[in-house]
Amino acid sequence: VHNTGDRQAVVSTQSTGTQRKVFVFVRQFRPAVFIKSAAAQSLPWNPDTPPSNEFSTEHGLTYELCAGIIDRNDTPAEIAAAEVFEETGYRVAASDLTPITRVVNGVGTSGAIQHMYYAEVEDSQRETQGGGLAEEGEVVEVIDVDRSDIETFAFDESKPKPPGCTLCIIWWLNNHGRD
């Protein structure tokens, strides 16, 4: 059952580490991606047996921007800054976020508005290891991608990512060059 009635807007933030010249992404398990993966499609369904070896949950991991739903009365930028901290451990102020665009996400299911931002971070801003909020069941891995590899990463189909992630990479390449 998919309920779209209470679907809320989301925020996402693309971050780059300026000292190490990396893009900071998060990687997390998405059940829908796993279920639709070729590996999972070939498995006989048995809810009592965890996937084994070649059909591990690795097939459900996606590379994403930091993101979260707008579920409180803070501004989208304030929520985006909080998500960057929760997921990556970097402390950024809402005023340090550069708006990229707003897009309609899930046009066939939810029609949610997605606010996209850009932030530059320094190693000194990293206060924790990130990883999401355990009390919300989040298990998030912080992934750095070298700037010299970012265009290849954007179109690497072996690294599943939502289209907004690629959109933000293209935005960065168009606005900051390929340095």
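Residues numbered from 1 in each chain as written. Predicted model: local features only at pLDDT ≥ 70, side-chain atom pairs only at ≥ 80, totals over all residues. Heavy atoms only, no water.

(A) Representation of the nonpolar core. Counting residues in hydrophobic clusters, the biggest one holds 18 residues, and the most contacted among them are Phe-25, Ile-100, Val-145, Ile-150, Phe-153, Ile-169 and Trp-172. Secondary structure elements with two or more residues in this core: strand 2 (22-29), strand 6 (112-121), strand 7 (140-146), helix 4 (150-154) and helix 5 (163-176). The dominant element in this core, judged by the number of residues it contributes, is helix 5, at six residues. Membership of the second largest hydrophobic core comes to 15 residues, among which are Ala-80, Ala-81, Leu-97 and Tyr-117. (Core = buried A, V, L, I, M, F, W, Y, C linked by side-chain atoms within 4.5 Å. Buried < 20%, exposed > 50% of the residue type's maximum accessible area, 1.4 Å probe, protein only. Helix = DSSP H or I, 4+ residues; strand = E, 2+ residues; numbered from the N terminus.)

(B) Local environment of the confidence of the model for the protein chain. Looking at the protein chain as a whole, the pLDDT averages 82, with 78% of positions reaching at least 70. Element-level mean pLDDT values for the protein chain span from 63 in helix 2 (residues 38-41) up to 95 in helix 4. In the predicted structure, residues 1-8 sits below a pLDDT of 50 and forms nine contacts with residues beyond four places in sequence or in another chain. (pLDDT = per-residue confidence, 0-100. Contact = heavy atoms within 4.5 Å.)

(C) Representation of unusual backbone geometry in the model. Positive phi is not limited to glycine here, since Lys-21 has a value of about 55 degrees. By the secondary structure assignment, Lys-21 is in the loop between strand 1 (10-17) and strand 2. Using a relative accessible area of 44% as the deciding quantity, one classes Lys-21 as partly exposed.

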